[in-house]
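Each chain, written out:
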Amino acid sequence: MKQLCLSLALAITLLLIGSISSEGADPPAKRHPAYSLLGRDKPPIDSPLNPHFVVSNEAGIKESSLWRGGYIPERLIGLDLADVDLDGKNELVYVTPHNVYLARRNGPILEQLATFKTEDNVVIVSVDLFDVDLDGRREIIVSAQYNEQNASSFILAYNGTRELQTLARNIQWYLRVTGSGGQKRLTGQRSATASNESFSGKPHYLEWNNGELKSVSIVQLPRNINLYNFNIGNLGTQNTRLIAVVKSSDEHLALFDTGGGKVWESSDGYAGTANFIALPTSREQALQREYLPTRLIIDDIDADGTNEIIVAKNNQGGVPFMKNLRSFNSGVIEARKFTNLSLVPFFNSANLLPGPAVDYALADFDNNGTKDLVVAVVIEPGSGMLQDARSVIVGYIDLYSQKPAEEVKAEEVKGNAPKTKPAKPADPKGKK
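Just so you know, these numbers come straight off a predicted model, no measurement behind them. (Residues numbered from 1 in each chain as written. Predicted model: local features only at pLDDT ≥ 70, side-chain atom pairs only at ≥ 80, totals over all residues. Heavy atoms only, no water.)

*Asks:* Can you help me understand the overall build of the protein in this one?
*Replies:* In terms of helices and strands, the protein carries 3 helices and 28 strands. Looking at the protein as a whole, 47% of its 432 residues are labelled buried. Within the protein, contacts between residues separated by at least 24 positions form 49% of all contacts whose residues are at least 6 apart in sequence. With an accessible surface of roughly 22900 Å², the protein has 51% of that area assigned to carbon and sulfur atoms. (Helix = DSSP H or I, 4+ residues; strand = E, 2+ residues; numbered from the N terminus. Buried < 20%, exposed > 50% of the residue type's maximum accessible area, 1.4 Å probe, protein only. Contact = heavy atoms within 4.5 Å. Areas by Shrake-Rupley, 256 points an atom, 1.4 Å probe, with all protein chains shown as cover.)

*Asks:* What exactly am I supposed to notice about the packing of aromatic side chains here?
*Replies:* The description of an aromatic ring pair rests on the distance of the ring centres and on the angle between the ring planes. Taken as a whole and assessed by the stated rule, the structure comprises 7 aromatic pairs. On the numbers, 6.1 Å between centres and 70 degrees between planes, the contact of Phe276 with Tyr291 is edge-to-face. Taken together, the positions of Phe276 in strand E20 (residues 276–279) and Tyr291 in strand E21 (residues 288–291) put the pair 15 residues apart, joining distant regions of the chain. When its relative accessible area of 26% is taken as the criterion, Phe276 is described as partly exposed. One aromatic cluster is present, built from ring pairs that chain together Tyr174, Phe199 and Tyr228. Positioned above the aromatic ring of Tyr270, the side-chain terminus of Lys313 is 4.6 Å from the ring centre. Over the face of the ring belonging to Phe346 we find Lys337, whose NZ or CZ atom lies 4.7 Å from the ring centre. (Phe/Tyr/Trp six-rings, centres within 6.5 Å; stacked < 30°, edge-to-face > 60°. Lys NZ or Arg CZ within 6 Å of the ring centre and 35° of its normal.)

*Asks:* Could you clarify how one ought to interpret the environment of Thr96 in this entry?
*Replies:* Position of Thr96 among the secondary structure elements: in strand E4 (residues 91–96). Taking the C-alpha atoms as reference points, Thr96 and Arg75, 21 residues apart in sequence, are found 5.6 Å from one another. Once residues lying within four places of it in the same chain are set aside, the contact partners of Thr96 are Glu74, Arg75, Leu76, Ile77, Tyr101 and Ile124. There is a polar contact of 2.7 Å between the side chain of Thr96 and the side chain of Glu74. (Polar contact = N/O pair within 3.5 Å; in protein donor to acceptor, adjacent residues only side chain to side chain.)

*Asks:* When you look at the confidence of the model for the protein in this model, what are you seeing that I'm missing?
*Replies:* Any region with low pLDDT has predicted coordinates that should not be read closely. Averaged over every residue, the pLDDT of the protein is 80; the share at 70 or more is 73%. Scored below 50 in pLDDT, residues 14–50 shows 40 contacts in the model against residues more than four places distant or in partner chains. A low-confidence stretch, residues 402–432 (pLDDT under 50), is modelled with 13 contacts involving residues beyond four sequence positions or located in other chains. (pLDDT = per-residue confidence, 0-100.)

*Asks:* Please explain the sheet that holds strand E17 (residues 240–246) as it appears in this structure.
*Replies:* Two orientations exist for strands paired in a sheet by backbone hydrogen bonds: parallel and antiparallel. The antiparallel open sheet is built from 4 strands, whose spatial order is E16-E17-E18-E19. In this open sheet, the two edge strands, each paired with only one partner strand, are strand E16 (230–235) and strand E19 (262–269). Averaged over all neighbouring strand pairs, the angle between strand axes comes to 20 degrees, with direction disregarded. Taken together, the 6 bridges between E16 and E17 define a ladder with antiparallel strand orientation. Paired with Asn234 across the bridge in E17 is Arg241. (Pairing = 2+ DSSP bridges. Axes fitted to C-alpha atoms, helices over the stretch in contact; angles between N-to-C directions.)

*Asks:* Just checking my understanding: could you explain the nonpolar core for this structure?
*Replies:* Considering soluble globular proteins, one finds that nonpolar side chains tend to be buried as a cluster. Judged by nonpolar contacts, the single largest core of 35 residues is most densely connected at Leu255, Ile333, Tyr360 and Val375. Counting residues in each nonpolar core, the second largest holds 21 residues, with Val93, Val95, Val127 and Val142 among its members. (Core = buried A, V, L, I, M, F, W, Y, C linked by side-chain atoms within 4.5 Å.)

*Asks:* I would appreciate a short explanation of the pairing of strand E24 (residues 327–339) in the present structure.
*Replies:* Taken residue by residue, a regular strand's side chains alternate between the two faces of the sheet. Among the 13 residues in E24, 10 count as buried, and that is most of the element. Inspection of the sheet shows E24 paired to strand E25 (residues 342–349) by 6 bridges, in the antiparallel sense. Paired with Phe338 across the two strands is Leu343, which belongs to E25. In sequence, E24 turns back onto E25 through a hairpin of 2 residues, with Asn340 there showing a positive phi of about 50 degrees.

*Asks:* Could you clarify how one ought to interpret the pattern of salt bridges in this entry?
*Replies:* Where charged atoms from two side chains of opposite charge come close, those side chains can pair. Taken as a whole, this structure holds 19 salt bridges when the rule is applied. Its salt-bridge partner being Asp87, residue Arg104 comes within 2.9 Å of it at the nearest N-O pair. Within this pair, whereas Arg104 is found in strand E5 (residues 99–106), its partner Asp87 is found in the loop between strand E3 (78–82) and E4, the two being separated by 17 residues in sequence. Given the relative accessible area of 35%, Asp87 is considered partly exposed. Where Lys337 meets Asp302, a salt bridge forms, and the shortest distance between an N and an O atom there is 3.3 Å. (Salt bridge = Lys/Arg side-chain N within 4 Å of Asp/Glu carboxyl O.)

*Asks:* Looking at this structure, I do not really get the environment of Ser153. What am I missing?
*Replies:* Considering the arrangement of structural elements, one finds Ser153 in strand E10 (residues 153–157). In this structure, the C-alpha to C-alpha distance between Ser153 and Val127, residues 26 residues apart in sequence, is 9.9 Å. The contacts of Ser153, once residues within four sequence positions are left out, are Val142, Ser143, Ala144, Arg169, Asn170, Ile171, Trp173, Tyr174 and Leu175.

*Asks:* Can you walk me through the sheet that holds strand E26 (residues 357–363) in this structure?
*Replies:* Taken in spatial order, the 4 strands line up as E2-E28-E27-E26 in an open sheet, and their pairing is antiparallel. Single-partner strands in this sheet number two, and they are strand E2 (65–68) and E26. When the angles between neighbouring strand axes are averaged without regard to direction, this sheet yields 20 degrees. Of the strand pairs in this sheet, E2 and strand E28 (residues 390–397) are connected by 4 bridges, and their pairing is antiparallel.

Here's what the structure looks like:
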């Protein structure tokens, strides 16, 4: 009994001491209002990035704002960002299974400029912006599949009207823009001719010639690489030319040199989505799907003169062993730097609004001269009459604060005021 009384007295004493000490404690720091939206409990400490990012090596990146568009009552497939009308401002193209939308950010809203709708038996697979005819403006490159069998891609152009104009249709290639910086090229791969195969042959570099796309060379890649799971660019301080790949077998992120030798591979999966190409099958066979990863961006996100790899890491839900039923419940965007023959984490976003990233672009979204990261997020994929599809576009605005040539003093980085120039010491002989 005496021991019990002593224990109670000790507990009461500790509670009183804690309440007294907490009276003089500093109040908790105010959180960014988006933390409750994103499910974050505490912001990162002493980070110059905006609170939506967790940083490893964040030099040169500043706080930015989160822009979020209104709900889109469809399932987003992809997006891209570039100037399509030579007005000096970037436009945003985004696509759903049967619709192409061209828009421009106007403050808090997306101002819709033009649209295009496919036939019911043509399903959109991906979208890119690329100057295919070398007239200075970007065309809209849309990969699509006809009747769950063959590639039936098309190219659209914007001429200022409310409906996008068709530059080319029924293209027998799946299309993707690969490369980085000023070395981007239009790349294509034929659709499969045999059952249960996705593609035929290797990816090719394509060029516009007399009103049609023609192959100019085969892309030199390691084995088992298709159009949608690779990108090529220079990485690291030595500007090493490398091939970044999301492996089809396990969705591991890997790097290969130009000779096909593996340089690095992750231990877990990246870039998974529910976007797919239907595999040609016989009438007796059930529909099979080739799931497509998100794009791999190779670009200099922090303006330090070296490129990073930007990739999504989506968390798969549902039943993973059911090949034709795939879903994702959340995701983040990661950037990694190539250092010491490894891809080192540079930053990752907080969890996106409830759903996975299906595509993203690094470009000037608000047309103020700095790069923004624009992400297409699928909140509800839609399942017939039981559930409507719903998506949203999110922009991380102004990701970095300085140009590569600029130098920032240590005291300015820490937020201290620059020190004044010290006065000269007095001359011991009395001279001024």
